[in-house]
Amino acid sequence: MASASVRNALGDLNKDSFINLLSKLIGESKYVQNNPPELIPEEDRIVRHVLDALLPYSTITGGGPLIINHVTYKPNRGNLIVEYPGSQPGKILSFVGMHMDVVTANPSDWDFDPFTMSMDGDKLRGRGTTDCLGHVALVAELMRKLGETKPQLKSTVVAVFIACEENSSIPGVGIDALVKDGLLDKLKQGPLFWIDTADKQPCIGTGGMIPWKLHVSGKLFHSGLPHKAINPLELAMEALKEIQLRFYRDFPPHLEEKVYGFATPSTMKPTQWSYPGGGINQIPAECTVSGDIRLTPFYSVTDVETKLQNYVDDMNANIENLDTRGPVSKYVLPDENLRGRITISFGEASSGVACNLDSCGFHVLCKATEEVVGHVKPYSITGSLPLIRELQVLMFKLLAMG
């Protein structure tokens with residue numbers, strides 16, 4: 001924990017200052033919605049408000065020790081790196097991931113204006129309050145307080161406010177570009193906290209994600225003569241059932257999932273279904289089932305993809321052994337030398353993250369959470385945060401996702 005003198009110097013959060021800043025940020029949320037090509041965020045709208053709060057305590061104005069670097073790779077889409085220097089070289093602590101874009105909001109679906117901050121008792125409301133403009137405002141207030149009070153710290157404290165977290169279809173804008181340019185390399189020397197969860201408790205694990213698509217080919221025919229068709233819808237249902245059974249057999253709940261408090265084990269499920277169209281009285285020639293696998297970080301993405309491909313290859317070789325549906329349902333027409341066929345393909349996959357539970361930083365975070373909240377219960381979910389996994393692979397000492 002921070003020493004008593006440091007805590008006394010920083011004091012409590014200035015709620016009025018925090019609410020004032022957050023109100024300004026949420027007032028910009030309409031313009032930082034991230035859903036290209038229709039909605040491309042202008043994160044510099046957020047940057048300007050953060051700079052207004054921090055520049056008076058920076059080396060740029062001469063008013064304080066904060067070192068500020070506004071890094072932009074695309075017009076109006078900046079990142080902000082703020083550093084409070086410590087006294088001991090090589091000692092560093094970083095807060096990363098406070099992103100300045102938000103997911104979209106349709107005002108007609110809300111009971112209040114999502115693009116204006118409002119209060120309901122002690123509840124703050126508006127797009128970005130918990131994901132992630134509230135985090136931006138909170139860490140900005142911390143850095144402002146450091147610049148204002150100038151406590152003597154051994155460790156340098158760095159805050160990295162990033163662009164383009166909610167949608168990765170436009171690369172080279174946010175943290176991927178910062179890492180590529182080496183602007184975060186020195187953060188590897190100390191603990192890194194990723195600040196982007198809407199919970200008071202430490203998030204210590206996330207899942208990997210494998211998008212998959214199962215394409216099934218059959219034979220088109222009139223539904224009044226089903227014995228002359230290979231029904232791809234029935235084949236898809238039976239094939240998917242078999243794939244799921246094998247997946248759960250080969251990737252059962254892992255012992256480490258209980259240690260990390262994962263809400264669910266690894267899962268595979270369909271989420272979309274499509275076919276080319278046609279009449280209600282027509283058995284189609286093909287269909288596609290799509291979905292995803294959420295994989296806890298104790299299993300390998302590559303191993304899963306290999307296994308699924310093996311399942312499909314085996315079923316294609318023995319397709320007549322799959323369960324059928326009714327007396328004339330079949331996946332092989334010997335007289336026509338036709339067989340139903342299944343193919344599987346994968347989209348861009350990402351691996352999960354398991355934070356280091358033996359690190360000093362993790363234990364400090366738990367202690368701080370207990371002191372402030374009254375109890376501590378770290379948790380993990382199979383939501384995916386591919387940016388974090390990439391940082392961990394690059395040897396950043398990721399401790400928790402706060």
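Read on for an overview of the structure. (Residues numbered from 1 in each chain as written. Predicted model: local features only at pLDDT ≥ 70, side-chain atom pairs only at ≥ 80, totals over all residues. Heavy atoms only, no water.)

**Concerning the overall build of the protein**
At step 1: Helix and strand counts for the protein come out as ten helices and 19 strands.
At step 2: Residues classed as buried in the protein amount to 45% of the 402 residues present.
At step 3: Partitioning the intrachain contacts of the protein with sequence separation of at least 6 by distance along the chain shows that 77% fall at a separation of at least 24.
At step 4: Of the roughly 19,500 Å² that the protein leaves accessible, carbon and sulfur atoms contribute 52%.
At step 5: Separation between the mean location of the 38 positive side-chain charges and that of the 46 negative ones in the protein comes to 2 Å. (Helix = DSSP H or I, 4+ residues; strand = E, 2+ residues; numbered from the N terminus. Buried < 20%, exposed > 50% of the residue type's maximum accessible area, 1.4 Å probe, protein only. Contact = heavy atoms within 4.5 Å. Areas by Shrake-Rupley, 256 points an atom, 1.4 Å probe, with all protein chains shown as cover. Lys, Arg positive; Asp, Glu negative; His and termini not counted. Charge placed at Lys NZ, Arg CZ, Asp CG, Glu CD.)

**Structural notes on the packing of helix 3 (residues 44-54) against helix 4 (residues 133-149)**
A pair of packed helices can be characterised by two numbers: the angle between their axes and the separation between those axes.
At step 1: In contact at an axis separation of 9 Å, helix 3 and helix 4 are set at 20° when each is read in the N-to-C sense. When the axis of helix 3 is compared with that of helix 4, the two are roughly parallel. The crossing of helix 3 and helix 4 is right-handed. Of helix 4, the residues touching helix 3 (which contributes Ile46, Val50, Ala53 and Leu54) are Leu133, Val136, Ala140, Met143 and Arg144.
At step 2: Residue classes in the contact of helix 3 with helix 4 are distributed as eight nonpolar, no polar and one charged. (Axes fitted to C-alpha atoms, helices over the stretch in contact; angles between N-to-C directions. Parallel < 35°, antiparallel > 145°, perpendicular 65-115°, else oblique. Left-handed = near helix turned anticlockwise from the far one by under 90°. Nonpolar A, V, L, I, M, F, W, Y, C, P; charged D, E, K, R; others polar.)

**Overview of the sheet that holds strand 16 (residues 341-346)**
At step 1: Strand order in the open sheet formed by four strands is 11-13-9-16, with antiparallel pairing between adjacent strands. Because the sheet does not close on itself, it has two edges, and the strands there are strand 11 (267-274) and strand 16. Averaged over all adjacent pairs, the angle separating strand axes in this sheet is 25°, with direction ignored.
At step 2: Sheet topology places strand 9 (residues 208-217) next to strand 13 (residues 286-295); ten bridges connect them, and they run antiparallel. Bridge pairing in strand 13 places leucine 214 opposite valine 289.
At step 3: Against the sheet, helix 6 (residues 232-250) engages strand 9, strand 11, strand 13 and strand 16, with an angle of about 165° to strand 11.
At step 4: Strand contacts of helix 8 (residues 301-317): strand 9, strand 11, strand 13 and strand 16, with the helix running at about 170° to strand 16, the strand carrying the most contacts. (Pairing = 2+ DSSP bridges.)

**So, the pattern of salt bridges**
At step 1: Per the stated rule, a full pass over the model turns up 15 salt bridges.
At step 2: With a closest N to O distance of 3.1 Å, glutamate 141 and arginine 144 form a salt bridge. Taken as a pair, glutamate 141 and arginine 144 lie in helix 4 at a separation of three residues, close to a single helical turn. The same class applies to glutamate 141 and to arginine 144, which are both buried.
At step 3: Where arginine 325 meets glutamate 238, a salt bridge forms, and the shortest distance between an N and an O atom there is 2.8 Å. Taken together, the residues span a long stretch of sequence, with arginine 325 in the loop between helix 8 and strand 14 (332-333) and glutamate 238 in helix 6 at a distance of 87 residues.
At step 4: A residue is classified by how much of its surface remains accessible, and arginine 325, at 38% relative accessible area, is partly exposed.
At step 5: We classify glutamate 238 as buried; its relative accessible area is 9%.
At step 6: One connected set of salt bridges, linked through shared partners, spans Glu28, Glu42 and Arg45. (Salt bridge = Lys/Arg side-chain N within 4 Å of Asp/Glu carboxyl O.)

**Things to note about the packing of aromatic side chains**
At step 1: Evaluation of the coordinates by the stated rule reveals seven aromatic pairs.
At step 2: Consider the rings of phenylalanine 247 and phenylalanine 251, whose centres lie 5.4 Å apart with planes at 35°: the pair is tilted.
At step 3: By relative accessible area, which is 0% here, phenylalanine 247 ends up buried.
At step 4: What links up through ring pairs into an aromatic cluster is the set Phe247, Tyr248, Phe251 and Tyr299.
At step 5: Just above the ring of tyrosine 31 sits the side chain of arginine 45; from NZ or CZ to the centre is 3.9 Å. (Phe/Tyr/Trp six-rings, centres within 6.5 Å; stacked < 30°, edge-to-face > 60°. Lys NZ or Arg CZ within 6 Å of the ring centre and 35° of its normal.)

**Regarding the side chain of serine 359**
At step 1: Here serine 359 shows up in the loop between strand 17 (353-354) and helix 9 (360-373).
At step 2: Within the structure, the side chain of serine 359 is placed 3.0 Å from the backbone oxygen of asparagine 356, a separation counted as a polar contact. (Polar contact = N/O pair within 3.5 Å; in protein donor to acceptor, adjacent residues only side chain to side chain.)

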